[in-house]
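Here is what each chain is made of, one letter per residue.
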Amino acid sequence: MSVDTHGGRAPGLDGLAEVANRIRGAIESVVEGKPQAVRLALTVLLSEGHLLIEDVPGVGKTMLAKALARSIDCSVRRVQFTPDLLPSDITGVSAYNQERREFEFKPGPVFANLVVGDEINRASPKTQSALLECMEERQVTVDGVTYALERPFMVVATQNPVEMEGTYPLPEAQRDRFTARISMGYPDPAAELEMLDVHGQSSPLDRLEPVAKAADVRALVEVVRRQHVAPSVRQYAIDLVTATRNHPELRLGASPRATLHLVRAARAYAALDDRDYVRPDDLQELAVPVLAHRLLPTAEAQVERRRPEHVVAELVHRVPVPAPRS
Amino acid sequence: MTVMAALAVLAGSVGLYPLFTGKGWFWVALGSVLAVAVGGTLGRRLRLPAAFTAVAGAAALLVYLTVLFASSQALLGFLPTPGSLGRLDELFGQGWKAVNDYAAPVPLVPGIRLLVGAGVGLVAIVVDLLAVRLRRAAPAGLPLLAMYSVPAAVRQDSIGWAAFAVGALGFLALLMADAREQVGGWGRVVFTPRWSQEVPVAGAVGPAPAPERPDARSLMSSGRRIAFAAVAVAVLLPTVIPGVHPRGLFGLGGGGGGGTQTVTTPDPLVSLQRELTERGDAVVLTYRTDAGPRPDYLRMYALDQFNGNRWSFSSLSTGDRDRLQPGVELTPAPGLGPVRVRRVTTEVRVSRRVREMDFLPVPYAPARVSVKGDWRVDDASRMIYSPRDSASGRSYTVVSAQTMPTARDLAAGTAFPSEIARRYTAHPRTVPPEVMRLTREVTKGARTAHEQAVMLQRWFTRTGGFRYDLSAPAPRRGDDLVNFLLHDKRGYCEQFAASMALMARILGIPARVAMGYTPGTQSGPNEWTVRSRDAHAWPELYFEGAGWVRFEPTPSGPGGAGQGTATSPSYSETAAIAEQPGEDGRTEPTPSAPSSTAPGASESAAPQGRPDPLGDQGDRGSPQEDDGTPVAGWIAGTVLVLALLAAPMVARALARRRRWSALRPEAAGDGPGVRDDGGAGFADPAEAAAHAAWRELRADAVDHGLEWRPGDTPRQAAQRLSELLELDAETARSLGRIARAEEMARYSRSRVPTSAEVLRADVRAVREAFAASVGRTARWRARLLPPSAMAATSQAAQSLSRAVGGRVRRDGGLWGRVRARLGGWRSRNRDR
């Protein structure tokens, strides 16, 4: 009789919570008053996804990305996306080495565990697409040669809302590759006041020491992969995603990849909650960040200023949680 | 709505039909209803307050009644004046008197018509006020019910089921019209797509081609199904409940309509032995008669059917023409011919202590009966009975035409009319061959039917070796009779009478079993007293020309030798065969010992003793059981009503019990098993406990009227309830534990950490918190009529109706066409 998985918690979960809490504490020492944003960022990290932080300038997008990067002892590259940035500036180039008389590959900034893409929508679509292969397949192909990327590999991109000047909206394909899109929102007055105090003296980012190693993160990812998702919860994820595809106010629903991302993120989210199983509540809390940025509203919905976030929130209310087996 | 209310009142008034002779009352009622409807409509047109609407209806009713009954005294023929009101009052008094004088159905004298008009009109006013003006259609059923209850209360025999169904459907139509108008107030019907079923495809696909659910239509049709099912159940249920049917609400047995009903009483044979044994000396009745020293038996019942086991009388159809009219001569009894007949007048006074005697003991054959109350006569059997009155304490006078046949008369009457022969010689094929053989043996050598009968009687009383024994068990089955005839030969009048009647039938002589009383004992000049022990059964045989004549196979005699006061008629003596007619057809008893003269015991004409010894005769309990039918019916009915009322409560309690007790079985003890994610059923008892607790919680929440959203996850539900009810910390923790256990049971692979006992205690605590936080009404409803149990019932009903609907859809092309049209209409609607 196998009692192993039945009686106790999944192994590694305790360690995960401990490490995750360290990272969370580290980030929160920099980004005050945004626990949910921090938690979502960690969720994406543990679900091997990529994070898109979208908000108006100056609310701490880059701060969050950098804090996340710094709190983990791993290779971090930051790319400032500008309109003149070229694809090779990201992936790397083959340069002719005169001494050795051959082309050698100069890895671009994507060759890191954490890539912070700042203001990603300021680059041309061509450059944005250069990230496509890296993000999904975790590899880079230059001049017919494929280079694998390190693990963990996470792209944390920030972007200004598309209405802002000088932006190129991210193509749907690219948006679909981000596990979640979060927005920072303005801090509440108390947090803002504290921020004034803290940031007045020196940047807390400078004091931030790494609290976890890349290997730790890899181990955590493994734990998260083993998280239990009950069939009814999986069904619920499918129901939610399917509902977006059939919604009259959406021109484009969520892809199957979205379902995958949703369940993966839910695993990580549950693990951060120190739980070894996913419950529908996780899916509900993740639905908007994971699904909304992939959806395209119809013209009518746009006219009525119905944003995909609203639609997803409404679906979360309406799609019934699968009844338990009885 | 006005129209529906009027229709409902009219439909309800149909139930009044058994109260009246003739059908004129209906038109009076119709006029009243119309008048009230017009008055009510006018009142509403003028936007009068509710009370004045009723006044308007009443005024219209008054005008109508004035026109109908007092137009000569009225101003301009319709305006009420003091004179016309006086006239109405006078008529009302007449009607009231008629109601008190006559038993239902009453003749339609003007006073009665006025009462009908006014009564139905008043009901119509109340219904109109409730249903139309106050928009309370459901309470409007109460006055309708009151109207229905009048005939139900007045008449012990019942109201036809058809009338009930018409009334019920009228009320349902009223409800439906009301609901329709209420819905109509919200505008036209809009079909919203059911999002969970299908959501139009995003993008440029256009309207989803998938059919939408016809929400409103299916609701309506299921409503209709439920309504019809309710009426059908109400009509049919009483027939299947033992004890209610015989004197139940509807006379389903015989003719349902047309004022003819069926009268059924407890099996008279059953009470016979009890009367003989238990009540011995109790005086049943006394009578004065001019029949001389030897009056005839007093007969109550004539049992004309033998089903192989028992004798019973065929159901009596009673109508107005069967009613005894005081002083009116009945038609001559069947079969009377040239035989001498003397008229005997008997004045009977029935003891007050007699209960439930609804058949009058009268000497055969009653020709004129003067008795108060509603008494009927059955033409064929000449039984006098009442569907509602009891003879208890009553005095009545009977003039009987007593036939005085001679043996020769009877010997001549051998040809029987075919109808009589068919009806009264029928015996089941199951009669054992031994009995047939025995019958032929006993009557061997007889030349006529009369001789056969006399030989049978002689065999029973003298040569057959029978012994009178009151302690013999009452015959219940055909075998008992066989046993009595062939082996046991012990019995009392019932066995003798039943056997002789059967044997006569076997021989082709029309026969039936009569029941009633022997003449009893003389208590004064021409005065006789009949006691319980004089209860008796005897066969009546039919001879053309003489009609039904009595035979006496039961041994008579005091001291237990036989039925003490039984006498055998002279024409039935053996001597009669030898052409020796009795002086007046009957042997005379000795005056000093009026009880005696039966052939077997005539020599021992001893003083009246206790001929049917009392004592601990077996089988005493069983007759009571049958006799208690009406009481049993009431009890059964009450129990049924209570059971129906308690059903949800019981169902809820059972569900609770089942949930928890399902956790206890041995399967729980066997250590944890690995849960199979895809499979059904719970390997883990803790998991089962969590589910049970959660279902209990859900049921409790629903019972207490708290909102339960199916879309909630356990955690959300717990949180919402906790915030909604502002639960204290402890209860909130309990609630949280239940939710967490359910959540883990549902979604986790880990074992639920909370034990079943804890969960059970938690559920109890939460239930108490629920009860404490809702109002008293909700609390009692949760206890008495828990909605969760009701929902389960309605779910079952829904699935049933869906199954029925599915069948209807498959079968009915009409249904399909309706749906197709509906679909077309809906898609046009959507395009708009």
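Residues numbered from 1 in each chain as written. Chains lettered and ligands numbered in written order. Predicted model: local features only at pLDDT ≥ 70, side-chain atom pairs only at ≥ 80, totals over all residues. Heavy atoms only, no water.

Within chain B one finds 25 helices and 19 strands. Sorting the 832 residues of chain B into buried and exposed places 49% on the buried side. Nonlocal contacts in chain B, meaning residues at least 24 apart in sequence, comprise 73% of its contacts between residues at least 6 apart. Working note: accessible area of chain B is about 38,700 Å², and carbon and sulfur atoms make up 59% of it. (Helix = DSSP H or I, 4+ residues; strand = E, 2+ residues; numbered from the N terminus. Buried < 20%, exposed > 50% of the residue type's maximum accessible area, 1.4 Å probe, protein only. Contact = heavy atoms within 4.5 Å. Areas by Shrake-Rupley, 256 points an atom, 1.4 Å probe, with all protein chains shown as cover.)

Helix length check: helix α21 (residues 729-747) of chain B, at 19 residues, gives a terminal C-alpha distance of 26 Å against a target of 27 Å (1.5 Å per residue), a fit within 8%. Looking only at α21(B), the buried set comprises T731(B), S734(B), L735(B), I738(B), A739(B), A741(B), E742(B), E743(B), M744(B), A745(B), R746(B) and Y747(B). (Expected span 1.5 Å × (residues − 1).)

We now examine empty space enclosed by the protein. All names here are of chain B. Following the criterion strictly, the structure yields 10 cavities of 30 Å³ or more and no others. Here the second largest cavity defines a volume of roughly 50 Å³. Lining the second largest cavity are Y287, T289, A291, P295, D296, L298, V344, T346, P363, S400 and Q402. Among the secondary structure elements, those contributing two or more residues to the lining of the second largest cavity are β2 (283-289), β7 (341-350) and β12 (395-403). (1 Å grid on protein atoms, 1.4 Å probe; cavity = no way out; pocket = protein on both sides within 12 Å on 5 of 7 lines; lining within 4 Å. Points joined across faces, edges and corners; volume = space filled by probe spheres on them.)

Right, let's talk about the sheet that holds strand β9 (residues 366-370) of chain B for a bit. Residue and element names in this part refer to chain B. The strand order β9-β12-β7-β2-β17-β16 describes an open sheet built from six strands, whose pairing is antiparallel. Taken across any chain shown, the strands that pair with only one partner, and hence form the sheet edges, are β9 and β16 (521-524). Strand after strand, the sheet turns through a mean of 30 degrees between neighbouring axes, direction not considered. Across nine bridges, the pairing between β7 and β12 is antiparallel. Within β12, the residue paired with R343 across the bridge is A401. (Pairing = 2+ DSSP bridges. Axes fitted to C-alpha atoms, helices over the stretch in contact; angles between N-to-C directions.)

Now for the confidence of the model for chain A. Put simply, chain A has an average pLDDT of 84, and 94% of its residues get 70 or more. Here residues 1-8 of chain A is modelled with pLDDT under 50, and outside its nearest four sequence neighbours on either side it reaches 14 contacts, counting other chains as well. (pLDDT = per-residue confidence, 0-100.)

Moving on to the pattern of salt bridges. When charged atoms on two side chains of opposite charge get close, those side chains can pair. In this structure the tally under the stated criterion is 48 salt bridges over all chains. Residue E329(B) is joined to R343(B) by a salt bridge in which the shortest nitrogen-to-oxygen separation is 2.7 Å. Of this pair, E329(B) sits in the loop between β6 (316-318) and β7 while R343(B) is found in strand β7, placing the two residues 14 residues apart along the sequence. By relative accessible area, which is 38% here, E329(B) ends up partly exposed. For R490(B), the salt bridge goes to D488(B), with nearest N and O atoms at 3.5 Å. Classification of R490(B) as partly exposed rests on a relative accessible area of 22%. Several salt bridges share partner residues, and in doing so they unite D273(A), R275(A), R279(A), D281(A), D282(A), R715(B) and E743(B) into one network. (Salt bridge = Lys/Arg side-chain N within 4 Å of Asp/Glu carboxyl O.)

Turning to the pairing of strand β1 (residues 51-54) of chain A, a few remarks are in order. Residues and elements named next belong to chain A. Of the two faces of β1, the one carrying L51 and I53 and the one carrying L52 and E54 are both buried. Alignment of β1 against strand β9 (residues 154-159), held across four bridges, turns out to be parallel. Bridging across to β9, L51 finds its partner in V156.

Turning to the nonpolar core, a few remarks are in order. Here is a general trend for soluble globular proteins: nonpolar side chains tend to be buried in one another's company. Counting 109 residues, the largest nonpolar core has L51(A), L64(A), L68(A) and L291(A) as the members making the most contacts within it. Ranked by residue count, the leading element in this core is helix α12 (residues 256-272) of chain A, at 10 residues. In this view, L291(A) contacts V241(A), T244(A), A254(A), A258(A), L262(A), L286(A) and V312(A); residues no more than four positions away in its chain are not counted. In this structure, M383(B), V513(B), M515(B) and A535(B) belong to the second largest nonpolar core, which totals 79 residues. (Core = buried A, V, L, I, M, F, W, Y, C linked by side-chain atoms within 4.5 Å.)

We now examine unusual backbone geometry. The omega torsion across R151(A) and P152(A) is -5 degrees, close enough to zero to call that bond cis. By the secondary structure assignment, P152(A) is in the loop between β8 (145-148) and β9. The amide bond that connects Y364(B) to the next residue, A365(B), takes the cis arrangement and shows omega of -10 degrees. Among the secondary structure elements, A365(B) is positioned in the loop between β8 (362-363) and β9.

For the rest of this paragraph, the subject is the packing of aromatic side chains. Describing an aromatic ring pair means giving the distance of the ring centres and the angle of the ring planes. Residue and element names in this part refer to chain B. In the structure shown here, the tally under the stated rule is 23 aromatic pairs over all chains. Look at Y301 and F359: their rings are 4.6 Å apart centre to centre, the planes differ by 45 degrees, and that puts the pair in the tilted class. Placement of the pair is Y301 in strand β3 (residues 298-303) and F359 in the loop between β7 and β8, with a sequence separation of 58 residues. Both residues of the pair, Y301 and F359, count as buried. Both rings, one in F306 and one in W311, keep their centres 5.0 Å apart while their planes meet at 35 degrees; by these two values the pair is tilted. (Phe/Tyr/Trp six-rings, centres within 6.5 Å; stacked < 30°, edge-to-face > 60°.)

All names here are of chain B. At a minimum axis separation of 9 Å, α21 and helix α22 (residues 756-773) run at an interaxial angle of 130 degrees. One finds that α21 runs oblique with respect to α22. Where α21 crosses over α22, the two elements pack in a sense that is left-handed. Contacts between α21 and α22 involve T731, S734, L735, R737, I738 and A741 on the former and, on the latter, V758, L759, D762, V763, A765, V766 and A769. Partitioned by chemical class, the residues of the contact of α21 with α22 number nine nonpolar, two polar and two charged. (Parallel < 35°, antiparallel > 145°, perpendicular 65-115°, else oblique. Left-handed = near helix turned anticlockwise from the far one by under 90°. Nonpolar A, V, L, I, M, F, W, Y, C, P; charged D, E, K, R; others polar.)

It is worth spelling out helix α14 (residues 478-488) of chain B at this point. Residue and element names in this part refer to chain B. All buried positions along α14 are accounted for by G478, L481, V482, F484 and L485. Burial along α14 is one-sided: seen end-on, the buried residues are contained in an arc of 155 degrees. At its buried positions, α14 is contacted by β4 (305-306), α12 (433-442), α13 (449-463), β14 (490-491) and α15 (493-506). Just downstream of α14 lies K489, where phi reads positive at about 60 degrees. (Arc of directions from axis to C-beta.)

A separate point is the confidence of the model for chain B. As a note on interpretation, predicted positions should not be read in detail where pLDDT is low. Residues and elements named next belong to chain B. When pLDDT is averaged across chain B, the result is 72; 72% of the residues are at 70 or more. Confidence over residues 578-629 falls short of pLDDT 50; this stretch has 112 contacts with residues more than four positions distant or in other chains. Counting interchain partners and residues more than four positions distant, the pLDDT-below-50 stretch residues 666-681 has 24 contacts. For this predicted complex, the interface confidence reaches an ipTM of 0.79, while the overall pTM sits at 0.46.

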